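Coordinate analysis (summary)
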Amino acid sequence: MKVLSPYKEATDVILEAGGEPLKLCYQCGLCTGICPWNLVRSFVVRRIMHEAQLGATDFGSEDAWTCVTCRACVQRCPRGVEIIDVMRAIRRAVASLGIGVVPDALRISAKNIAGVGNPLGEAPEKRDDWAKDIKVKTFASGTEILYFPCCIPSYDPDVKTVARSTVTIFNKLGIDYGLIGTEAKCCGESIRKAGYEDTFQSLAQNNINLFTSNGVKTVVVSSPHCYHTFKNEYPELGGKFEVIHITQYLASLIEQGKLKLSKKINKKVIYSDPCYLGRHNDIYDEPREILQSIPGLELIEFPDAREDGLCCGGGGGRIWMDTPKGERFSDIRVEQAVEKGADIIAVACPYCVLNYRDSVLSMGKAETIQVKDISELVAEAI
Amino acid sequence: MSFEPKIVGFLCNWCSYRGADLAGTARMKCAPNVRIIRVMCSGRVEPAFIFQAFQLGADGVLVLGCHPGDCHYAEGNYKTLRRMALLEKMLPQLGIEADRVRLDWVSASEGDRFVSIVDDMTEKVRALGTFTQNSEKEKHG
Amino acid sequence: MEEVKIGVYVCHCGLNIADIVDVEEVSKYATTLPAVVVSRNYKFMCSDPGQNMIKEDIKELGLNRVVVASCSPLMHEPTFRGAIQEAGVNPYLFEMANIREHCSWITEDHKEATEKAKALVSAAIRRVYYHQPLEIKEVPVNPNTLIIGGGIAGIQAALEIADSEHKVYLVERDPSIGGHMIQFDKTFPTLDCSACILTPKMTSVGMHPYIELMTYSEVEEISGFVGSFKARIRKKARYVDEDKCNGCGVCVTKCPWKADSEFDLGLGERKAIYTPFAQAVPNIPVIDTEHCAYFLKGKCRACEKFCELGAIDFEQVDQIVEVEVGNIIVTTGYDSFDPTPITQYGYGKFDNVYTGLEFERICNAVGPTSGKIVLKDGSEPKSVAILHCVGSRDENYHEYCSRVCCMYALKYSHLIKERTDAEVYQMYIDMRCFGKGYEEFYKRLSEEGVNFIRGKAAEVTDRAINEDEEGKLIVCGEDTLLCKTIRVPVDMVILATALEPRSDAAEVAKLLTITQSADGFFLERHPKLDPVATMTEGVFIAGCCQGPKDIPDAVAQASAAATRVLALISKGRVELEAATAVIDEEKCSGCRICNLLCPYSAISFIVDEKVSRINEVLCKGCGTCVAACPSVAITHKQFTTEEITAEIEGVLV
Ligand SMILES: Cc1cc2nc3c(=O)[nH]c(=O)nc-3n(C[C@H](O)[C@H](O)[C@H](O)COP(=O)(O)OP(=O)(O)OC[C@H]3O[C@@H](n4cnc5c(N)ncnc54)[C@H](O)[C@@H]3O)c2cc1C
Ligand code: SF4
Ligand code: SF4
Ligand code: FES
């Protein structure tokens with residue numbers, strides 16, 4: 001018979017990699033019950049905590065890479081266990097010590113990020129190509145706002161419109177903004193969650209130096225992931241800037257009467273809370289305020305919205321990994337939206353745009369429903 | 001060897017002294033730098049004691065009482081609060097940095113709070129270095 | 001002054017001190033200090049041999065001051081004071097250095113710990129040098145007792161004290177005594193009928209010649225100190241004359257106006273004039289002015305018309321009563337946690353999700369459903385889930401365990417099994433059945449066929465994913481023993497809600513100058529050795545106001561509190577604080593600054609002599625006036641400026 005003996009060394013590896021919170025877990029199982037993975041497959045979060053406590057973690061298992069870091073469990077855990085930190089620690093152990101297997105897709109993205117500063121493996125010089133035919137300024141000392149669009153809108157042909165819409169709005173309103181140029185690199189939020197701490201550190205240092213030497217004070221971002229790391233992680237590394245998510249920025253312009261939305265969008269719009277905007281950073285109202293100020297637009301809600309909102313499946317580095325059909329959260333979301341009779345799924349995160357657009361296409365729903373970033377909708381309504 | 005500051009702590013008997021006891025009973029670890037003097041109420045702490053402590057070689061003085069509203073003698077700690085506000089104004093004239101004197105509240109059940117206040121204060125005073133009086137500073141040029 | 005001879009005793013406290021502090025070195029160091037005649041160290045100073053060592057030294061070496069360096073003075077100061085008193089030295093010629101709690105227990109650094117211990121010992125030695133013998137004065141204890149809160153704990157304490165023929169004032173906020181226990185149908189683990197065991201006690205309280213019961217009343221102000229407190233009590237207007245009413249209830253029957261019953265937690269109704277329940281003590285109704293048509297619209301007075309005794313009195317006003325007592329027992333109990341913020345459990349959203357206390361009323365024979373366990377639509381549930389730890393053991397709400405929920409969940413399982421054919425599912429994290437007869441009760445319920453699922457429920461939803469779930473409430477979570485997520489479709493969900501501190505606990509604490517622990521319940525003097533006293537002499541706590549507990553524990557604690565009060569009454573006198581403040585009238589300039597500062601109004605101005613004087617009986621020795629006197633005319637005995645200066649000097653060696 002196979003028996004288990006506690007293997008303290010393995011626990012120590014996880015603890016050293018930042019898994020300290022695992023000690024607090026009292027095995028109630030609430031996290032498993034809450035984790036969205038269990039809508040589509042089994043993912044026993046609690047057991048991962050206990051295995052880590054006893055050093056029984058299977059570093060070779062795909063479980064190490066499953067968590068989408070949506071924070072649904074952490075938000076409710078009765079012991080306040082930062083479960084995502086534990087998941088990240090297990091990944092760090094695998095990625096840095098080589099004691100398990102890193103999924104291929106992730107390994108490639110990680111290599112790209114480390115090599116050329118973006119997960120798509122595109123040339124750094126092309127970072128601002130999305131704006132080629134639009135009049136944009138380069139950030140210079142004294143410019144009020146740095147606009148940082150995230151790698152996906154910068155390179156992905158299907159998501160470019162997010163960045164293009166944003167600068168279109170800025171230009172119309174005559175906002176004093178600029179782009180930082182092609183030396184910028186990926187913010188590093190997701191690759192950090194995927195366990196690549198060294199890569200993150202060097203990305204962060206690069207960006208912090210770049211911002212600081214250019215005299216950046218305020219950054220407006222399109223991605224909640226950039227928002228999260230700039231706001232909550234960069235300061236510890238010496239990068240202290242005012243960080244504003246585009247939805248916060250637009251909502252405040254509307255409130256001050258500087259942004260007037262006059263064109264009608266006569267559509268039923270359902271808003272999906274991005275995990276890194278909502279649960280991670282408590283921003284729930286601004287996106288809704290913007291949508292509600294678009295004339296003609298009818299805002300509807302998912303059955304599980306706000307704190308309970310379902311993840312698109314793209315956090316924690318999952319955006320680069322393959323999720324088999326039938327296990328994609330974004331498919332569930334699209335189905336729910338169609339059921340609710342929505343014409344448009346509105347989001348405020350490039351990962352969500354990517355995942356939902358994928359789902360809509362693969363489900364053959366392109367005729368019924370569209371996916372739009374809030375900045376795209378605002379650009380249309382202005 | 002690193003500099004170990006000497007901090008005199010005046011703790012009221014009813015809340016803070018018990019909070020400090022609790023930190024010990026629960027074996028919480030904290031900086032050993034605060035030497036505690038028990039008074040019945042923080043209201044007993046005269047500004048003169050604080051100056052005396054500095055004269056006698058203290059690097060910092062910590063005064064702890066019950067939370068406002070919780071004083072065992074109803075309102076002794078409000079008196080302390082007012083007195084310390086006045087005292088704070090005098091400190092710069094005497095060449096005592098603000099971080100060397102601290103008034104705070106710790107209840108009998110707040111062992112952890114006691115520890116964090118003590119650790120925090122010890123670090124701040126350590127950063128300031130040893131206290132030398134104005135007169136001496138002048139002497140040493 | 002006679003020559004000062006100090007003896008110093010350093011305690012090892014087993015290894016508690018000696019492991020970290022070099023006790024040998026500390027004790028050697030003490031001999032180098034002025035006036036120290038002898039310095040020893042010993043394994044356990046508090047033991048008999050330890051104390052005898054001091055006593056012998058006093059006799060043989062003529063010591064007249066003693067310093068013990070050991071644990072906190074809050075532990076053993078009385079012990080050592082007693083010892084030196086026995087050896088003929090005034091107990092106040094003593095000082096303790098706390099080298100355990102403040103030293104050996106907070107650091108692992110031997111060198112720092114030993115240095116600190118030396119400093120603390122040197123401070124104690126320098127200070128004790130200046131100590132003067134103090135005279136112990138005593139005052140009589142008023143034999144009356146005030147008890148605040150008439151739940152089971154208050155009732156028990158009141159009866160025990162009153163049975164020994166000492167007067168008790170029992171103040172209850174609600175119209176009747178009984179507290180939570182009278183809302184229950186059965187009590188675990190014996191399944192006694194709650195009313196059957198409680199109402200006889202309630203009646204005794206109502207009729208007891210030594211109990212003055214004040215219901216519908218609240219204490220507004222407390223002054224004084226152990227032995228002689230004064231309390232101001234507001235008796236709210238009932239609009240019914242207590243002396244005339246005989247409790248016939250005709251007014252209630254005739255009243256045409258209804259409101260939600262607080263006693264039934266809104267699940268049932270009561271009239272605008274009402275007694276909360278049939279066996280109420282006192283059996284005298286009150287008029288709820290927020291629902292009475294006469295108070296609202298100026299018309300009706302139906303009750304008045306039908307009351308043959310003319311007991312209805314619409315002109316009644318609140319009454320203020322002042323009582324004098326020697327001791328106070330606080331038994332204000334707990335509030336039941338409101339689970340609305342835990343949105344995922346659907347309380348308030350779904351009809352058939354109940355709190356623990358609501359389910360008690362549903363089970364109760366005289367409750368809103370006459371004891372029938374039914375759904376909102378009146379039908380019998382086919383399955384019920386009970387979710388444990390709702391608001392307890394959860395950092396987002398209360399970190400502590402509420403101690404009774406596992407057991408009342410089992411009680412409900414039994415009642416459901418007994419009265420319906422429903423399947424029962426309990427979702428628990430740990431079964432905590434620690435009391436006498438509790439594990440046996442758990443076993444009995446297993447035999448009755450209750451389903452136990454180990455895992456904290458994640459969600460209660462009405463979104464069905466298959467036919468079996470249609471129209472049901474589905475409880476989702478992980479069965480942690482199977483490592484599988486499960487969905488249990490049920491008709492009714494009972495949330496085993498936490499016990500939490502009363503919402504007004506902070507105000508009550510302030511009223512009594514007692515404190516709350518981090519969880520919000522009242523803080524006992526010592527968590528193990530003195531769970532009924534508080535930091536304020538003469539104020540005791542019992543029942544759930546001190547922390548969640550079951551009825552047996554609440555009763556035991558109430559009896560203990562009563563015993564403590566009776567002990568003080570039987571002794572008849574209390575020692576006054578000896579370390580008071582005195583004014584040197586030669587130095588007093590008559591500025592009167594101190595008069596207003598004293599929280600006890602112990603200082604008065606003697607107009608003829610143009611000086612202030614302190615009443616030693618009233619002074620509690622806080623020292624606030626001492627610190628404020630501009631003429632340095634006030635001395636705080638045991639805490640003189642000389643003594644504190646010496647101590648400062650000592651800790652800074
Ligand atoms: C759902 C549920 C089921 C339970 N079942 C059982 C069981 O089966 N067996 C068991 O052993 N235990 C059970 N318990 C525990 C039990 O309720 C308590 O142990 C017991 O009620 C504690 O009594 P108490 O007198 O301390 O408090 P309470 O019953 O809360 O009584 C306090 C009283 O003080 C009054 N009061 C409060 N504040 C003031 C104030 N400021 N001035 C004047 N009066 C005031 C209140 O009106 C109340 O009458 C259960 C608890 C719950 C929540
Ligand atoms: S919810 Fe928290 S305590 Fe419960 S099993 Fe998960 S990590 Fe552990
Ligand atoms: S963060 Fe989200 S995906 Fe990860 S374990 Fe928690 S609930 Fe599951
Ligand atoms: S008794 Fe603690 S501050 Fe007054």
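Keep in mind the model is a prediction, meaning the values are calculated, not measured.

Helix and strand content of chain C: 18 helices and 34 strands. Overall size of chain C, expressed as C-alpha extent along the three principal axes, is 90 × 70 × 40 Å. Going through the 653 residues of chain C one by one, you find that 58% of them count as buried. Sequence-distant contacts in chain C: of pairs separated by 6 or more residues, those separated by 24 or more amount to 69%. Taken as a whole, chain C presents about 27100 Å² of accessible surface, with 49% of it coming from carbon and sulfur. Across chain C, the 68 positively charged side chains and the 95 negatively charged ones have centroids separated by 2 Å.

Before going further, it helps to spend a moment on the overall build of chain B. Along chain B, the regular secondary structure elements total 5 helices and 4 strands. Listing the helices and strands of chain B from first to last along the sequence gives β-α-β-α-β-α-β-α-α. Taken over C-alpha atoms, the radius of gyration comes to 15 Å for chain B, in line with the 14 Å a tight globule of 141 residues would show. Summarising its shape, the C-alpha atoms of chain B cover approximately 45 × 35 × 20 Å along the three principal directions.

Our focus in this paragraph is the interface of chain B and chain C. Contact with chain B, which involves 50 residues of that partner, is made by 51 residues of chain C. Summed over the shared surface of chain B and chain C, the result is 1 salt bridge. Taking the shortest distance from any N to any O, the salt bridge between R38 of chain B and E77 of chain C comes out at 3.0 Å. Along the contact surface separating chain B from chain C lie 18 residue pairs in polar contact (both at pLDDT 80 or more). Listed by contribution, the elements that provide at least two residues to the side of chain B that touches chain C are β1 (7–12), α1 (16–25), β2 (34–39), α2 (47–55) and α3 (76–90) of chain B. Ranked by residues supplied to the side of chain B that touches chain C, first place goes to α1 of chain B with 7 residues. Here the side of chain B that touches chain C is composed, by residue class, of 26 nonpolar, 10 polar and 14 charged.

On to the domain arrangement of chain C. By a frequent convention, interface size equals the accessible area lost on bringing the separate parts together. Assigned domains within chain C: domain 1 (6–128), domain 2 (138–236 + 318–333 + 502–575), domain 3 (237–316), domain 4 (336–500) and domain 5 (581–637). Taking only C-alpha atoms, the centre of domain 2 of chain C and the centre of domain 5 of chain C are 35 Å apart.

With that settled, consider the site of ligand 2. Residues and elements named next belong to chain A. Among the 13 residues in the neighbourhood of ligand 2, the closest are listed as C25, C28, G29, C31 and C77. Secondary structure elements with two or more residues in the shell around ligand 2: α2 (30–34) and α3 (45–54). Looking at the shell around ligand 2 residue by residue, the classes come out as 10 nonpolar, 2 polar and 1 charged.

Let us now look at the site of ligand 1. Residues and elements named next belong to chain C. By nearness alone, 37 residues border ligand 1, and E172, H180, F188, K411 and K549 come closest of all. Between H180 and ligand 1, the recorded distance is 2.7 Å, taken from a side-chain N or O atom to an oxygen atom. In the environment of ligand 1, an oxygen atom lies 2.8 Å from a nitrogen or oxygen atom belonging to the backbone of F188. Contact with the protein chains covers 98% of the free accessible surface of ligand 1, which is 1000 Å². Elements represented by at least two residues in the shell around ligand 1 include exactly α6 (152–163), β8 (186–187), α11 (356–363), α12 (405–419) and α15 (551–571). Each residue belonging to the shell around ligand 1 can be placed in one class, and the counts come to 16 nonpolar, 11 polar and 10 charged. A domain-level breakdown of the shell around ligand 1 finds at least three residues from each of domain 2 (138–236 + 318–333 + 502–575) and domain 4 (336–500).

Another aspect to go through is the interface of chain A and chain C. On the chain C side, the residues contacting the 21 residues of chain A number 18 residues. Carbon and sulfur atoms make up 48% of the area that chain A and chain C hide from each other, which totals about 1600 Å². Considering only the surface of chain A that becomes buried against chain C, Y26, R76 and P78 of chain A emerge as the three largest contributors, covering 30% of it. Here R46 of chain A ties to E478 of chain C by a salt bridge, and the two come within 2.6 Å at their closest N and O atoms. Linking chain A to chain C there are 10 residue pairs in polar contact (both at pLDDT 80 or more). Where the side of chain A that touches chain C is concerned, the elements lending two or more residues are α2, α3 and α4 (72–76) of chain A. Among the residues making up the side of chain A that touches chain C, the classes are represented as 8 nonpolar, 8 polar and 5 charged.

Time to look at the sheet that holds strand β10 (residues 211–214) of chain C. Note on sheets: strands pair through backbone hydrogen bonds, and any given pair is parallel or antiparallel. Residue and element names in this part refer to chain C. Reading across the sheet, the 5 strands line up as β10-β7-β6-β18-β29 and stay open at both edges, with parallel pairing between neighbours. Two strands close off the open sheet at either side, each with one partner strand: β10 and β29 (539–541). Sheet twist, expressed as the average angle between the axes of neighbouring strands with direction ignored, equals 20 degrees. The pairing of strand β18 (residues 327–330) with β29 spans 3 bridges and is classified as parallel. In the sheet register, I328 faces β29, and the bridge partner there is V539.

This brings us to the packing of helix α1 (residues 23–30) of chain C against helix α5 (residues 110–128) of chain C. Residue and element names in this part refer to chain C. Running from amino to carboxyl end, α1 crosses α5 at an angle of 35 degrees, the nearest separation of the two axes being 10 Å. As α1 runs across α5, the sense of the crossing is right-handed. Here E25, V26, Y29 and A30 of α1 lie close against α5, whose contacting residues are T114, E115, A117, K118, V121, S122 and I125. Considered class by class, the residues forming the contact of α1 with α5 number 6 nonpolar, 2 polar and 3 charged.

Looking now at α11 of chain C. Residue and element names in this part refer to chain C. Counting buried positions along α11 yields 8 of 8 residues, so the element is predominantly enclosed. Buried residues of α11: G356, L357, E358, F359, E360, R361, I362 and C363, and no others. For α11, the secondary structure elements touched by its buried residues are β8, β19 (334–336), β20 (353–355), α12 and β27 (492–497).

Geometrically, a pair of aromatic rings is defined through the distance of the ring centres and the angle of the planes. All names here are of chain C. One pass over the full model with this rule turns up 29 aromatic pairs over all chains. A ring pair is formed by F434 and Y438, whose centres lie 5.8 Å apart and whose planes are at 65 degrees; its orientation type is edge-to-face. Measuring from ring centre to ring centre gives 5.2 Å for Y442 and F452, while their planes differ by 75 degrees; the resulting arrangement is edge-to-face. In this pair, Y442 sits in helix α13 (residues 438–447) while F452 sits in strand β23 (residues 451–454), placing the two residues 10 residues apart along the sequence. Exposure remark for Y442: the relative accessible area of 17% places this residue in the buried category.

Let's shift gears to the environment of S517 of chain C. For S517 of chain C, the location among the structural elements is in the loop between α14 (505–511) and β29. Along the sequence, S517 of chain C and Q546 of chain C sit 29 residues apart, while their C-alpha atoms lie 8.9 Å from each other. Ignoring any residue separated from it by four or fewer positions in sequence, one finds S517 of chain C in contact with S109 of chain B together with F522 and L523 of chain C. A polar contact of 2.8 Å, which involves the side chain of S517 of chain C, links it to the side chain of D519 of chain C.

Let us now look at the arrangement of the chains. In this assembly, 2 pairs of chains are in contact, and the pair contributing the most contacts is chains B and C. There is a clear gap between chain A and chain B: no contact, and 18 Å between their nearest C-alpha atoms.

Residue and element names in this part refer to chain C. Summed over all chains, the structure comprises 1 disulfide over all chains. Through a disulfide, C193 is tied to C196; the S-S separation comes to 2.3 Å. Taking the sign of the S-S torsion, about 85 degrees here, the bridge from C193 to C196 comes out right-handed. Judged by its relative accessible area of 23%, C193 falls in the partly exposed class.

The rules behind the values
Throughout this document, residue positions are counted from 1 along each chain, in the order its sequence is written. Starting at A for chains and at 1 for ligands, labels are handed out in the order in which the entities are written. Local features in this predicted model are restricted to residues whose pLDDT is 70 or higher, and side-chain atom pairs enter the listing and the counts only when it is 80 or higher, whereas totals over whole chains, interfaces and linings include all residues. Side-chain metrics in this entry use all non-hydrogen atoms of the structure; hydrogen atoms and water are not considered. We count a stretch as a helix when DSSP gives it H or I for four or more residues in a row; a strand needs E for two or more, and each element gets its number in order from the N terminus. Note on exposure labels: buried denotes an accessible area under 20% of the residue type's maximum, exposed denotes more than 50%, and partly exposed covers the range between, all computed with a 1.4 Å probe on protein chains only. Working rule for contacts: check all heavy atoms of both residues, and any pair within 4.5 Å makes them a contact. Each accessible area value is a Shrake-Rupley result obtained with a 1.4 Å probe; residue values ignore everything except the protein chains displayed when judging cover. None of His or the chain ends enter the tally, which takes Lys and Arg as positive and Asp and Glu as negative. A single reference atom marks each charge: NZ on Lys, CZ on Arg, CG on Asp, CD on Glu. Radius of gyration: over C-alpha atoms. The globule rule applied is 2.2 Å multiplied by the number of residues raised to the 0.38 power. Every case where a carboxyl oxygen of Asp or Glu lies within 4 Å of a side-chain nitrogen of Lys or Arg is listed as a salt bridge. Nitrogen and oxygen atoms within 3.5 Å of one another constitute a polar contact, given that in protein one can donate a hydrogen and the other can accept it, and given that sequence-neighbouring residues count only through two side-chain atoms. Residues are sorted three ways: Asp, Glu, Lys and Arg are charged, Ala, Val, Leu, Ile, Met, Phe, Trp, Tyr, Cys and Pro are nonpolar, and all the rest, Gly among them, are polar. The split into domains, and so the bounds of each, comes from an automatic or database assignment of domains. For each residue, the test is whether any non-hydrogen atom lies within 4 Å of the molecule or strand; if one does, the residue is near. Accessible surface is computed with a 1.4 Å probe, and the buried area is the amount of it that two parts give up when combined, taken over both parts together. Paired strands, as defined in this entry, are two strands with at least two bridges between them according to DSSP. Axis definition: a line fit to C-alpha positions, over the contact stretch in the case of helices; interaxial angles, taken between N-to-C directions, run 0 to 180 degrees. Crossings are assigned a handedness: left-handed for a near helix turned anticlockwise from the far helix by less than a right angle, right-handed for a clockwise turn. Only rings of Phe, Tyr and Trp enter the pairing, Trp through its six-membered ring, and a pair is recorded when the two centres are within 6.5 Å. The plane angle decides the type: under 30 degrees is stacked, over 60 is edge-to-face, the rest tilted. For the purposes of this analysis, a disulfide is any pair of cysteine sulfur atoms at a distance within 2.5 Å.

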